Amino acid sequence: METLMTPDGRYLIVRGRLWRATNPHLDEQRRDELVHALMDARRAVKAAKASSDERALAAARQAVNTAKVGLGERGPVWWTDGSPDLNRRMVSNTPYADWFNSLSA
């Protein structure tokens, strides 16, 4: 199944909700480093949950956040035109609503 993205490439759409996409201006090596760090951090979250280690869980969640900020999926937006961040909003409640609805018409 192909991932649906907004026409401007800023968001992925999953079950009708916008999720900020990775910054397309990252060079490939840096993007790969951050993706690997994110996957390592997600595995650390799973392990910390399994062992009920709250300190490790907090550290792992912080590592996930750091990687996602580096990728541009959280934190300051990576676009420069002043458009607001619509991350995690339902598409139907955003300026993308008409475009999204036209896809199923």
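In this text, all values refer to a predicted model and were calculated from it rather than measured experimentally.

## Here's the deal with the pattern of salt bridges
Pairs can form between side chains of opposite charge whenever their charged atoms are close. Under the criterion given, the structure shown has seven salt bridges. A salt bridge links Glu33 to Arg30, with the shortest nitrogen-to-oxygen separation between them at 3.3 Å. In this pair, Glu33 and Arg30 are both assigned in helix 1 (residues 28-51), three residues apart and thus about one turn of the helix distant. Classification of Arg30 by relative accessible area gives partly exposed; the value is 39%. Overlapping salt bridges bring together Asp8, Arg10 and Asp81 as one network.

## What about the side chain of Thr6?
Checked against the element boundaries, Thr6 lands in the loop between strand 1 (4-5) and strand 2 (11-14). Thr6 sits in the buried class, given a relative accessible area of 4%. In this structure the side chain of Thr6 is engaged in a polar contact, spanning 3.4 Å, whose partner is the backbone nitrogen of Arg10. Apart from the residues within four sequence positions on either side, Thr6 is in contact with Tyr11, Ile13, Leu18, Tyr96 and Trp99.

## So, the pairing of strand 3 (residues 17-20)
Burial along strand 3 is one-sided: the residues Leu18 and Arg20 are buried and none of Arg17 and Trp19 is. Across four bridges, strand 2 lies against strand 3 in antiparallel orientation. Residue Tyr11 lies in a different strand from strand 3, and its bridge partner there is Arg20. Between strand 2 and strand 3, which follow one another and run antiparallel, lie two residues, and Arg15 among them has a positive phi close to 50°.

Conventions used here
- Residues numbered from 1 in each chain as written.
- Predicted model: local features only at pLDDT ≥ 70, side-chain atom pairs only at ≥ 80, totals over all residues.
- Heavy atoms only, no water.
- Salt bridge = Lys/Arg side-chain N within 4 Å of Asp/Glu carboxyl O.
- Helix = DSSP H or I, 4+ residues; strand = E, 2+ residues; numbered from the N terminus.
- Buried < 20%, exposed > 50% of the residue type's maximum accessible area, 1.4 Å probe, protein only.
- Polar contact = N/O pair within 3.5 Å; in protein donor to acceptor, adjacent residues only side chain to side chain.
- Contact = heavy atoms within 4.5 Å.
- Pairing = 2+ DSSP bridges.

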